[in-house]
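# Fold and contact review
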Amino acid sequence: MAARGRPWGPVVGAVALVLLALVLGHGAFSGGSAGSSSTPTSHVTVVAASLPAEARQTLALIDSGGPFPYDQDGVVFENREGLLPDHDTGYYHEYTVSTPGSPDRGARRIITGSAGELYYTGDHYRSFERISP
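A quick note: this is a predicted structure, and the numbers were derived from the prediction, not measured.

## Examining the overall build of the protein chain
Helix and strand counts for the protein chain come out as two helices and six strands. Seen in sequence order, the protein chain has helices and strands lined up from the N terminus as α-β-α-β-β-β-β-β. Relative to its 133 residues, the protein chain shows a buried fraction of 32%. Partitioning the intrachain contacts of the protein chain with sequence separation of at least 6 by distance along the chain shows that 42% fall at a separation of at least 24. Of the roughly 8,200 Å² that the protein chain leaves accessible, carbon and sulfur atoms contribute 58%.

In structure tokens:
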């Protein structure tokens, strides 16, 4: 329902559809139980090359097996938020992505899955993007 002279009308409609999809799909999974390979319905994919330089450095460390700068790197990620596909405990591991200027580890992490999948969070597990090569 775009009015003449309002070129942003279609944009408003598209934004409304995206918001509706996020509300309806937030945290939803397409079936499965513990140990299954269900996938979130509202999952975003990001190309590794578009991640921050520090995330690409962490990916290189993961690929080479370390050494990692933080003792917590490589610990089990329990997916308590339920935003990643459901798997048994021990399936996911987390690695710190350095945040320049942060006095601690910061909020950025890369999560690895046992089947080789990779996820990035820049907001300490509130959202995830699946990393594609």
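## Some points on helix α2 (residues 53–64)
In an α-helix, one turn spans 3.6 residues; hence positions three or four apart end up facing the same way. Relative to the 16 Å expected for 12 residues at 1.5 Å per residue, α2 spans 17 Å between its end C-alpha atoms, a close match to the ideal helical length. Every buried residue of α2 is listed here: Glu54, Ala55, Thr58, Leu59 and Ile62. Take α2 and look down its axis: the buried residues cluster within an arc of 145 degrees, on one side only. Projecting away from the buried face of α2 at angles above 90 degrees are the exposed residues Gln57, Asp63 and Ser64. Summarising the contacts, the buried residues of α2 are in contact with β3 (92–96), β4 (109–113), β5 (118–121) and β6 (129–132). At the C-terminal side of α2, Gly65 shows a positive phi close to 85 degrees.

## Re the packing of aromatic side chains
On inspection of all chains with the given rule, the structure shows seven aromatic pairs. Between Phe68 and Tyr95, the ring centres sit 5.0 Å apart and the planes meet at 40 degrees, which makes this aromatic pair tilted. Within this pair, whereas Phe68 is found in the loop between α2 and β2 (76–77), its partner Tyr95 is found in strand β3, the two being separated by 27 residues in sequence. With relative accessibility at 28%, the residue Phe68 sits in the partly exposed group. Geometrically, the ring pair formed by Tyr91 and Tyr92 is edge-to-face, given 4.9 Å between the ring centres and 85 degrees between the ring planes. The exposure classification of Tyr91 matches that of Tyr92, with both residues buried.

## Structural notes on the side chain of Glu94
As for its position among the elements, Glu94 is in strand β3. For Glu94, the side chain forms a polar contact with the side chain of Arg109, separated by 3.3 Å. Polar contacts involving the side chain of Glu94 include one to the side chain of Tyr125, which spans 2.5 Å. If we skip the residues at most four places from it in the chain, Glu94 touches Gln72, Asp73, Gly74, Val75, Val76, Phe77, Arg105, Arg109, Ile110, Ile111 and Tyr125.

Analysis parameters
- Residues numbered from 1 in each chain as written.
- Predicted model: local features only at pLDDT ≥ 70, side-chain atom pairs only at ≥ 80, totals over all residues.
- Heavy atoms only, no water.
- Helix = DSSP H or I, 4+ residues; strand = E, 2+ residues; numbered from the N terminus.
- Buried < 20%, exposed > 50% of the residue type's maximum accessible area, 1.4 Å probe, protein only.
- Contact = heavy atoms within 4.5 Å.
- Areas by Shrake-Rupley, 256 points an atom, 1.4 Å probe, with all protein chains shown as cover.
- Expected span 1.5 Å × (residues − 1).
- Arc of directions from axis to C-beta.
- Phe/Tyr/Trp six-rings, centres within 6.5 Å; stacked < 30°, edge-to-face > 60°.
- Polar contact = N/O pair within 3.5 Å; in protein donor to acceptor, adjacent residues only side chain to side chain.

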